[in-house]
Each structure stands twice: as C-alpha cells, then as structure tokens.
Amino acid sequence: MRPESGQQLKRVSIRPGVSVLSVLRHLNYKPWFALAEFVDNAVQSYLDNKEALHKLHGYQWKLKVTIDVDTSAPGRIAVRDNAAGISLSVFPRAFRPAVIPPDRSGLSEFGMGMKSAACWFSPRWQVRTKALTETIERTVRFDISHIVRDEIEELGIEERAADEKQHYTEVILSDLHHVPVGRSLGKIKEHLTDIYRVLIRKGILELRFGTESIAYEEPPILQAPYYKDPNGPSRLWRKEINFELGGGLAVHGFAALRDPGNYSRSGFALFRRDRLIEGSGEEGYRPTSIFGIGGSSSYARLRLFGELHLSGFDVSHTKDGFRWDENEEPFLELLKEHLDSEELPLLRQCENYRSLASKKDRTQAATKALQRTGDAIAEKATEVLPTVAEKDPVETPTAPLPAQPTLAKRELNIDFRGQPWLVRIELSDDPAESDWLTISDLGTTNGGPDTIEIRLSMAHPFMVTFAQTDADDIEPLLRIAAALAISEKLARRAGVKSAGTIRRNMNEILREALSQP
C-alpha cells in the first residue's frame, strides 16, 4: 500500500546486499562527478515537480544547490537544495542500493547515484529532507562500518513536524575518505561549471560552491578571414552540428574555433539530457582521429572546441563516460565530415590559420601570473634567500646521475660546432629527489660524443602543484629546464667556475618559496 504524505515511516530498508556499501569507496570516481550525483538528484526533483514548485512560488523561482566543503580534518561536505525533497512514496527505494527508478529518462536512472557518491566520499553520512506538500521532515543516517559489521538491513528514520510549504534536501558527508584541498577545490568548481553549464545557461539551476555562485563563461570564437583568402571577408568560425547514426542514435550541438587558442581548454564537451558526461575542465574529449596524437603538434588541439548533445547513447553508472560499444568510430567519422564540410571547413582553418592572441587577453594572463608569482616571492623570499646565499658555490657534477624510477626518458644526438653531442633527458618519479633539475656534464669518453644528462623531477612539489598530468603544462617547464641545463654546460666550457651554483640556488628557491599555489 502506498503511504500517505502525512504518514509516519519509522524505518527504511537498505536491502539488498548492504555489504556492497563498504566497497563503494573504491569506485573510480573523480570528486566533481561524485558531487554531481547530488546535484543531479536536485535537478531531477525539480523537473519532476516543476509545475507544483512554480505554482507555489511563481515562475521567477529558481532551483538552487549549494555545496560547502570544510577542508579541516576530518573533512565535511554539505550539499543543500531547495528542490521538492524526497517524498514518502519514494523513500522505500531512495536508500536501497541498485533499485532502478520506474522512470529512467531523466538524470536519476541507475538507483545508485546518491548512495555510491556518498559512500565514496564518506563512511558516515546523512540525508535530511522535507518533501513538498508533506508535513514531516525526515532524516536518515548511514554509518557504513556499523551497517556492514552488524548486517543491518533497515535504518531508523528521525521525523519532526514541518510546514507543508517547505521543501529541501540536505546531504552531510562526514569524516571524508577524500578531502579536497588546495588546487583540487578550484578544479572541482571548474568541472562542475562545465557539467551544468547548459542548465545554468538556461536559467534552470543556480549552483553555488561555497560562497561563490558558479557562472559559465562562454569562450570567445575566432572571427577571421579564411586562411586561403587572408584579405577576404571575416567569418565567424562556428557551425551547427546535426546528424544521426541510425538505431535511435543522434547528435546535435555546435563546433567552433577559440580565439585565442588554448591547449588545455580545447576539445569537445559531450552532453546527454543537458548534463555533461565527458569533456569537462581540462579533460576535453579529444579523439586522435580529429585532434592528433598527444602533445601540442596539432593546431586542432589549440582552437577546436564545441558542445555535442548525444541522444540514445548509454553512459557508465558513474555518469562520467559514454558506453560507446561499436558506435564511437562511426560517430567520429560523421563528426569529422561535418566539421570540415566545405561551407565552413573548421579543421582546415584550424590547421592553417595563425594569429597572435589579443593584447587584452595576453595582458590579463600576464597580470594574473605576475600577481601570483609576486605574492609567492614576497611571502617566502625574506625567509629563504639568506639561507641560499650563505651556501658555498658548487661545480657542475661530472659523474653519471644515480638511477631513479622514471616516467619517461629520451636520448638526442645533436651537433655543436662540428662536435657530436649526446643529450639524455629523463623525467624522474622519485619522491626522495629534492632537486627540481639535476644535471651531469659527462664530457667526452673514449672518442664518443660530448654527453650531458638532464633530469627533471616530476615528484618535486613545484611539479605536483603546477604540472602533473597535462602535457601542455609539463612541456614549457621541461623546455626551460633543458635550456638551463645546456646553458650551464656551455658556461662551464667557456671557463665559468662554479657554474652549478645558479641551478643549485634555483632548486632551493623553487622548493622553499615557489612551490605553493
């Protein structure tokens, strides 16, 4: 029998398989997709009850979701929304793992989102909710270790009287397994902005991260002549994308070229049901058949971006990727065909058009970088510089570098004024390595090439903060490191004594003063 809205419900079942709750913390979630599960529930609650909510509050009323993160140990996250709450009729399945909702056409389709995300974040969490038109607020508390240890299959419900016009849900995650700190908080905000950009753009959702309201900034689009006709009329390099693959699979959206280009923000954002599934933040969807193979060698990786809405495609249960099956290759073939069609050949323009970023954009970027770097120097320099200055000068090492675990290595043969040089470069992954840059000038042995070994520590705090997984972040720092190392070797050849002193000082300043965000 379906419960009445004012009826009391003393306990809620969490069967079947409560033991699965303990392993959900090991899911391959990213924090922004885990948090998105709670936002999805709020959005779906709003969509299911839109008419009643607007009838009560008027059509200017807006769905609001707030995410607050307390990073102090042991960590706490609170997600609050003003949607229609979890009604009594939904309660029997809302807290049971893997109970698929009767309507799977929205954002809540697997019956696992809230449970899996909450258990991934926290061993102890609770949900407090008040459903629209009901007169009772209900709270359910989860203690995963207690539930699994005692094989608990039902949880008690705390109830209190509430105004029938009130409606909200609050999820509290305590004692976090994963505490977002530092740059992670910025990345979470960036990804959530991308994930919900369509709903924010449509005015459906107001999303707040802490005290800050999230707003999506539309990328500027290239307006320029076709590269084959540089003196011709200027064109806006944006086009609509619309095609079908058959079997109920369809794609619509747009593709465009950024101005200025941005390697880290290029790529497509793939949506389903107005919610991003793949391609948020700096993790744009960049298939090699369109964007080339890694690095920054392809100009498509600099400018090409877009939003594509996919219909009829399945997604993973964590909603962070599409389950392509055999459909990705035909999808990419059709996409590439549409991108470079004759009326506006985006790929050809992308590969052949060259321009300097606008002075305004370069000024903004330079000012921001200078402000951050200046703040870091001002904060730490007084403390660090005297210690560095007091150290004795050092010579460049001439013995082979000791072996370390590496992420990548390469050897290059070059010619310097008719003399063969061998340049060995490796990216170290040894957390015990204290120096950002290490070199050894081995010189010439047994008539072989003049050899230099260059090692950049990827485990150094400077790299951990600023360049870990994005090749476009790593590459410029690696180039600077290589230039410094080769310059030191040239200085030593020119008779400069203690040529390694500058590098030694730089390593210490980077570690002690400039490695914090």
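The structure we're discussing is the one just above.
Quick caveat, the model's predicted, so the values are computed rather than measured.

Enquirer: For the overall build of the protein, give the residues involved together with the corresponding values.
Expert: Scanning the protein from N- to C-terminus turns up 15 helices and 22 strands. Counting every position in the protein, which comprises 517 residues, the buried fraction comes to 45%.

Enquirer: Could you give me a rundown of the packing of aromatic side chains, with the residues and numbers involved?
Expert: Per the counting criterion, the structure on display carries 19 aromatic pairs. Relative to phenylalanine 121, the ring of tryptophan 120 has its centre 4.9 Å away and its plane inclined at 75°; by these criteria the two rings are edge-to-face. Note on tryptophan 120: relative accessible area 4%, which makes it buried. An aromatic cluster is present here, built from Phe243, Tyr285, Phe313, Phe322, Trp324 and Phe331 joined pairwise through their rings. For the cation-ring pair, arginine 138 lies above phenylalanine 91, with the distance from its terminal atom to the ring centre recorded as 5.9 Å. Arginine 238 extends its terminal NZ or CZ atom over the ring of phenylalanine 254, reaching a point 4.1 Å from the ring centre.

Enquirer: Which residues make up the environment of isoleucine 188, and what values do they have?
Expert: Secondary-structure assignment places isoleucine 188 in helix 6 (residues 183-195). Among the residues examined, isoleucine 188 registers a relative accessible area of 0% and is labelled buried. Measuring from C-alpha to C-alpha, the distance between isoleucine 188 and phenylalanine 209 comes to 9.1 Å, with 21 residues separating the pair along the chain.

Enquirer: Break down the packing of helix 1 (residues 31-48) against helix 6 for me, with residues and values.
Expert: At a closest axis distance of 9 Å, the pairing of helix 1 and helix 6 adopts a crossing angle of 50°. The pairing of helix 1 with helix 6 is recorded here as oblique in orientation. Handedness of the crossing formed by helix 1 with helix 6: right-handed. Listed contacts from helix 6 to Pro31, Trp32, Phe33, Leu35 and Ala36 of helix 1 are Lys187, Ile188, His191, Leu192 and Ile195. Partitioning the contact of helix 1 with helix 6 into residue classes produces 8 nonpolar, 1 polar and 1 charged.

Enquirer: Account for the sheet that holds strand 22 (residues 450-457), with residues named and values stated.
Expert: Taken in spatial order, the 4 strands make up an open sheet running 19-20-22-21, and their pairing is mixed. With partners counted over all chains shown, the strands left at the sheet margins are strand 19 (406-416) and strand 21 (437-443), one partner each. The sheet shows a mean angle of 15° between the axes of neighbouring strands, taken without regard to direction. As paired elements, strand 20 (residues 419-428) and strand 22 share 8 bridges and run parallel to each other. Counterpart to serine 428 in the pairing with strand 22 is serine 457.

Enquirer: Pulling in residues and values, what's your account of the nonpolar core?
Expert: One finds Leu192 and Tyr196 to be the most contacted residues of the largest nonpolar core, which totals 58 residues. If we skip the residues at most four places from it in the chain, leucine 192 touches Trp32, Leu35, Ala36, Ile67, Leu207, Phe209 and Ile214. Residues Ala224, Ala255, Leu304 and Cys350 belong to the second largest nonpolar core, which totals 33 residues.

Enquirer: Any details on the sheet that holds strand 14 (residues 267-272)? Residues and values, ideally.
Expert: Here 5 strands make up an open sheet; going across it, the order is 12-13-16-14-15 and the pairing mixed. The sheet terminates laterally at strand 12 (238-246) and strand 15 (275-278), the two strands that pair on one side only. Within the sheet, the average angular offset between the axes of one strand and its neighbour, ignoring direction, is 30°.

Enquirer: Account for the environment of glutamine 223, naming residues and giving values.
Expert: Summarising the element assignment, glutamine 223 is placed in strand 10 (residues 223-224). According to the relative accessible area criterion, glutamine 223 is exposed, its value standing at 53%. Measuring from C-alpha to C-alpha, the distance between glutamine 223 and arginine 238 comes to 9.0 Å, with 15 residues separating the pair along the chain.

Enquirer: Hey, could you go over a positive patch on the surface for me, with residue numbers and the actual values?
Expert: The grouping of Arg183, Lys187, Lys368 and Arg372 at the surface amounts to a positive patch. Elements with a minimum of two residues in the positive patch: helix 6 and helix 12 (359-389).

Enquirer: Provide a residue-level description of the pairing of strand 5 (residues 136-143), including the pertinent values.
Expert: Counting buried residues in strand 5 gives 6 out of 8 residues, a clear majority hidden from the surface. In sequence, strand 4 (residues 124-130) turns back onto strand 5 through a hairpin of 5 residues, with threonine 133 there showing a positive phi of about 75°. In this sheet, strand 6 (residues 154-161) lies alongside strand 5 in antiparallel orientation, the contact comprising 5 bridges. The residue bridging isoleucine 136 from the neighbouring strand is alanine 161, located in strand 6.

Enquirer: I'd like a description of the packing of helix 1 against helix 2 (residues 50-57), backed by residues and values.
Expert: In the contact formed by helix 1 and helix 2, the axes pass within 5 Å of each other and the chain directions differ by 75°. With respect to each other, helix 1 and helix 2 are oriented roughly perpendicular. Seen from helix 1, the contacting residues are Tyr46, Leu47 and Asp48; seen from helix 2, they are Lys50, Leu53 and His54. Per-class residue counts for the contact of helix 1 with helix 2 are 3 nonpolar, 1 polar and 2 charged.

Enquirer: Break down the pattern of salt bridges for me, with residues and values.
Expert: Under the criterion given, the structure shown has 36 salt bridges. Across the salt bridge formed by aspartate 68 and arginine 80, the nearest N and O atoms sit 3.0 Å from each other. Note that aspartate 68 is positioned in strand 2 (residues 63-70) and arginine 80 in strand 3 (residues 76-81), a separation of 12 residues in sequence. Overall, aspartate 68 belongs to the partly exposed group, its relative accessible area being 27%. Among the charged side chains, a network of salt bridges with common partners joins Glu190, Asp194, Arg197, Arg201, Glu218, Arg265 and Glu307.

Enquirer: Residues and numbers for the pairing of strand 7 (residues 168-174), please.
Expert: If a strand is regular, its side chains alternate between the two faces of the sheet. Within strand 7, 7 of the 7 residues are buried, leaving the element largely enclosed by the surrounding structure. Side chains of strand 7 alternate between two faces, with Tyr168, Glu170, Ile172 and Ser174 and Thr169, Val171 and Leu173 buried alike. Bridge count between strand 3 and strand 7: 6 bridges; the pairing is antiparallel. Residue pairing for strand 7: aspartate 81 is matched across the bridge by threonine 169. Where strand 4 meets strand 7, 7 bridges bridge the pair, whose relative direction is antiparallel. What sits directly across from threonine 129, in strand 7, is threonine 169.

Enquirer: Which residues make up the side chain of glutamine 349, and what values go with them?
Expert: Its location among the elements puts glutamine 349 in helix 11 (residues 346-352). Using a relative accessible area of 0% as the deciding quantity, one classes glutamine 349 as buried.

Enquirer: Could you give me a rundown of unusual backbone geometry, with the residues and numbers involved?
Expert: Between alanine 73 and the following residue, proline 74, the backbone shows a cis peptide bond with an omega angle of 5°. Position of proline 74 among the secondary structure elements: in the loop between strand 2 and strand 3. With omega at 10°, the peptide bond leading from aspartate 259 into proline 260 counts as cis. Positionally, proline 260 belongs in the loop between strand 13 (249-257) and strand 14.

Calculation rules
Residues numbered from 1 in each chain as written. Predicted model: local features only at pLDDT ≥ 70, side-chain atom pairs only at ≥ 80, totals over all residues. Heavy atoms only, no water. Helix = DSSP H or I, 4+ residues; strand = E, 2+ residues; numbered from the N terminus. Buried < 20%, exposed > 50% of the residue type's maximum accessible area, 1.4 Å probe, protein only. Phe/Tyr/Trp six-rings, centres within 6.5 Å; stacked < 30°, edge-to-face > 60°. Lys NZ or Arg CZ within 6 Å of the ring centre and 35° of its normal. Axes fitted to C-alpha atoms, helices over the stretch in contact; angles between N-to-C directions. Parallel < 35°, antiparallel > 145°, perpendicular 65-115°, else oblique. Left-handed = near helix turned anticlockwise from the far one by under 90°. Contact = heavy atoms within 4.5 Å. Nonpolar A, V, L, I, M, F, W, Y, C, P; charged D, E, K, R; others polar. Pairing = 2+ DSSP bridges. Core = buried A, V, L, I, M, F, W, Y, C linked by side-chain atoms within 4.5 Å. Patch = residues over 30% accessible without salt bridge, like charges linked within 9 Å, V, L, I, M, F, W, Y side chains within 5 Å. Areas by Shrake-Rupley, 256 points an atom, 1.4 Å probe, with all protein chains shown as cover. Salt bridge = Lys/Arg side-chain N within 4 Å of Asp/Glu carboxyl O. Lys, Arg positive; Asp, Glu negative; His and termini not counted. Charge placed at Lys NZ, Arg CZ, Asp CG, Glu CD.

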